[in-house]
Amino acid sequence: MSYPVQALTAIHTKIIPVLPASVLIIDICCRTDWRDVTRLRLVSRAFKEFVDTNESTIATRWMVPGSYLALLSQLFYPPKSRIGDGIRRPTIQYFCGLEKRHITCSQLAYYLCDKAVAPINSDGAEEIDKAILIWLGFRYYVLHFLTYSRLRLEANKAAMAAESSDEPLAPGDLNSSYLSVQSSIITTFDNQTLISTHHALHFLVNSIRLSMSPEPPHKQNDELVAIILRCQMPLNRCVEFFAADCPGAPRGLRKQFMQDMEGERADTEVRFGGGAAPRRSCSGHSREASRRKWSPKVPEVWFEAAKVALAERGLQEHKPDGVYFFPECSQELLIGCPGCKLK
Ligand SMILES: [Zn+2]
């Protein structure tokens, strides 16, 4: 359906001023998908100004209770208002960010689904659905945890650096700061969220371990797994890993992933390794030398903090979220954790 430009101009120059509170147009926007409203902004300057002026009103009403955007918006806060009153208000750009996070989590669910196969003699389809439901239900919490633990550690690090002036920060201080930041995020999770997020992270980490190192010991590449979890966009890196690891994936994709991870390793070390920044040398060997100094470990991300929280809440003995068969290692694997009790 298309209208001549003159007719459209006539419509909105007439309609917008005629509706005193523009209530109707706001209402229409609120009932319209956010992607269509971004397109609407491109129609004319009048529509752009209208949408921009009412952006937070429209965006607030988009957060329909129970929708994935509503859940995501509770975990990833809207930006502080441009007016300068310190209040957080959702914007269209903010929704675009939430949607990107949702897409990444869903892509990862697709790869994880491919890794987990239900027990052969049971009702396979239903079982696998449950495995993925655990991930689908708690993937946003995983992303929330990894994102904010990194952000808050950076903030803590800046505060610690300001206090200790010229002294380089000790790796031990950064590690304990990281642990306390993680614990404070975990306190916001209720018991079931804590347990299922714990399982979702076990599921994710074990899937990566098995893909990265199909032959035992499966933890031989744990340093790389830890760096993936501590990246700025950890789940995007997981998606990239699985995409490169797929049978038939172009060889260049794997090479690109490993190159990108070299960059992430250097960046993460400078940010969170503590001590002096690695020296640069013409030969390029400094990166190799500095790599041996700092060795991030998988349990430092989530697992140690979660273990403490589970113990404090008396939740060490809980039920797994499921048992699934992983063909690559010919063994059953819990969608759970070592603390899970089957009965
Ligand atoms: Zn468990």
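Residues numbered from 1 in each chain as written. Predicted model: local features only at pLDDT ≥ 70, side-chain atom pairs only at ≥ 80, totals over all residues.

## Considering the overall build of the protein
In terms of helices and strands, the protein carries 15 helices and 2 strands. Residue pairs at least 24 apart in sequence account for 66% of intrachain contacts in the protein once pairs closer than 6 positions are excluded. (Helix = DSSP H or I, 4+ residues; strand = E, 2+ residues; numbered from the N terminus. Contact = placed C-beta atoms within 7 Å.)

## Notes on the environment of S196
With respect to the element layout, S196 can be found in helix α10 (residues 191–212). Owing to 22 C-beta atoms within 10 Å, S196 belongs among the buried residues under this scheme. As a C-alpha pair, S196 and D321 span 125 residues in sequence and 7.2 Å in three-dimensional space. (Buried ≥ 20, exposed ≤ 12 C-beta atoms within 10 Å, placed from the backbone.)

## Considerations on helix α13 (residues 251–272)
Its 22 residues place the ends of α13 31 Å apart at the C-alpha level, agreeing with the 32 Å of an ideal helix rising 1.5 Å per residue. Where α13 is concerned, the buried positions are R265, T268, E269 and F272. Summarising the axial view, the buried residues of α13 lie within an arc of 95°, below the 170-degree limit, and thus occupy one face. When the buried face of α13 is taken as reference, the exposed residues oriented beyond 90 degrees from it are G252, K255, Q259 and G263. Where α13 terminates, the next one or two residues include G274, which has phi positive at roughly 80°. (Expected span 1.5 Å × (residues − 1). Arc of directions from axis to C-beta.)

## As for the nonpolar core
V142, L204, V225, I228 and C238 are the most contacted members of the largest nonpolar core, which has 47 residues in total. Taken together, the elements giving at least two residues each to this core come down to α4 (45–53), α5 (55–62), α7 (92–115), α8 (124–163), α10, α11 (222–230), α12 (234–245) and α15 (303–312). Looking at which element gives the most residues to this core, the answer is α10, with 8 residues. Filtering out sequence-adjacent residues up to four positions away, V142 remains in contact with T197, A200, L201 and L204. (Core = buried A, V, L, I, M, F, W, Y, C linked by C-beta atoms within 7 Å.)

## Section: the confidence of the model for the protein
Here the protein shows a mean pLDDT of 81. Residues at 70 or above account for 77%. Below pLDDT 50 for its whole length, residues 118–122 participates in 9 contacts with residues either more than four positions away or in separate chains. Low pLDDT (under 50) marks residues 276–284, which in the prediction has 10 contacts with non-local residues, meaning those over four places away or in another chain. (pLDDT = per-residue confidence, 0-100.)

## Observations concerning unusual backbone geometry
In the segment running from P216 into P217, the intervening peptide bond is cis, with an omega of 0°. In this structure, W302 takes a positive phi of about 70° despite not being glycine. Along the chain, the position of W302 falls in the loop between α14 (286–293) and α15.

## A closer look at α5
For α5, the set of buried residues is E55, I58, A59 and W62. Take α5 and look down its axis: the buried residues cluster within an arc of 95°, on one side only. Residues of α5 that are buried in the fold lie against α2 (23–30), α3 (34–40), α4, α6 (68–75) and α7.

## Quick word on the environment of L151
Inspection of the secondary structure puts L151 in helix α8. For L151, a count of 12 C-beta atoms within 10 Å translates into the label exposed.

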